[in-house]
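A structural walkthrough
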Amino acid sequence: MKNILLVCNQGMSTSFLVEKMKQAAKEQSIEVNIWAVSDAELHENWEKADIVLLGPQVGYLKSNTEKVVGNSIPVTVIDFVDYGRVNGAAVLKTALEMIEK
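Along each chain, residue indices are assigned from 1 in the same order as the chain's sequence is written. Reporting in this predicted model follows two pLDDT cut-offs: at least 70 for local features of residues, and 80 or more for side-chain atom pairs to be given and counted; totals over whole chains, interfaces and linings ignore these cut-offs and use all residues. For the side-chain quantities, the full set of heavy atoms in the structure was used; hydrogens and water were omitted.

Going by the annotation in an unreviewed UniProt entry, the name recorded for the protein is PTS sugar transporter, with Niallia circulans given as the source organism.

1. Considering the sheet that holds strand 2 (residues 32-38)
Inclusion rule: Paired strands, in this sense, are two strands between which DSSP finds at least two bridges. Under the scheme used here, helices are H or I runs from DSSP no shorter than 4 residues and strands are E runs no shorter than 2 residues, and both carry numbers assigned from the N terminus. Axes here mean lines fitted to C-alpha atoms, for a helix over just the part in contact, with angles spanning 0 to 180 degrees between N-to-C directions.
On the basis of which strands lie adjacent, the open sheet formed by four strands has the order 2-1-3-4 and parallel pairing. The open sheet has two edge strands with one neighbour each: strand 2 and strand 4 (75-77). Averaged over all adjacent pairs, the angle separating strand axes in this sheet is 25 degrees, with direction ignored. Of the pairings in the sheet, the one linking strand 1 (residues 2-8) to strand 2 comprises seven bridges and is parallel in character. Bridging from a neighbouring strand, Lys2 pairs with Val32 of strand 2.

2. As for the environment of Ala25
The cut-off we apply is this: Contacts: residue pairs with any heavy atoms within 4.5 Å of one another.
Relative to the helices and strands, Ala25 resides in helix 1 (residues 15-27). Separated by 15 residues in the primary sequence, Ala25 and Gln10 place their C-alpha atoms 24 Å from one another. The residues contacting Ala25, other than those within four sequence positions of it, are Ile30, Val32 and Leu92.

3. Overview of the side chain of Thr14
In plain terms, the rule: When a residue's accessible area, from a 1.4 Å probe over protein chains only, is under 20% of the maximum for its type it is buried; when over 50% it is exposed; and in between it is partly exposed.
By the element assignment, Thr14 lies in the loop between strand 1 and helix 1. Note on Thr14: relative accessible area 0%, which makes it buried. If near-sequence neighbours (up to four positions away) are discounted, Thr14 is found in contact with Leu6, Cys8, Ala36 and Tyr83.

4. Quick look at the nonpolar core
Convention followed: Nine residue types can take part in a nonpolar core, namely buried Ala, Val, Leu, Ile, Met, Phe, Trp, Tyr and Cys, and a core is a set of them joined through side-chain atoms within 4.5 Å.
Counting 18 residues, the largest nonpolar core has Ile4, Leu6, Met21, Ile34, Leu53 and Leu92 as its most contacted members. In terms of nonpolar packing, the next biggest core, distinct from the first, is built from 14 residues, Leu5, Val7, Leu42 and Ile73 among them.

5. Concerning the pattern of salt bridges
Stated formally: Any carboxyl oxygen of Asp or Glu that lies within 4 Å of a side-chain nitrogen of Lys or Arg is treated as forming a salt bridge with it.
Using the criterion set out here, one finds four salt bridges in the structure. Where Glu100 meets Lys2, a salt bridge forms, and the shortest distance between an N and an O atom there is 3.4 Å. Here Glu100, found in helix 5 (residues 88-100), pairs with Lys2, found in strand 1; they are 98 residues apart in sequence, far enough to count as distant. What makes Glu100 exposed here is its relative accessible area of 56%. For Lys2, a relative accessible area of 28% translates into the label partly exposed. For Glu19, the salt bridge goes to Lys22, with nearest N and O atoms at 4.0 Å. Taken together, the residues Glu19 and Lys22, both in helix 1 and three residues apart, mark about one turn of the helix. Owing to a relative accessible area of 48%, Glu19 belongs among the partly exposed residues under this scheme. The partly exposed category is assigned to Lys22, whose relative accessible area is 37%.

In C-alpha cells, the structure reads:
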C-alpha cells in the first residue's frame, strides 16, 4: 500500500482532490492511503507518507519541505491545472510514478 500526503494551507482545499484520488484508485484497484493536512501539520505526518504533494498555493514550501523530509521521500507541487480541475486520476498517476522512481 502506498501512502500519499497532500499539504495545503488549511488541509481543507485539497479534500475534494483527495476524494477524487481515492475514487480513481478504487476504479483502478490500487491500494492507497491518501490524506490531506495543513502545512502546520506536515511535521507530524510526513513520516507516514511515501510522497508529499504540495497544493499549488503552498508550492513555495517545496524546498523547506524537502529539508524536513531529508530527501527521504519525493516532494512535488501538484500541477496547477490538475489541481484546479480536481483531476484525481492525473494527480494519483503522477504520485505513483514519483514513488516508483
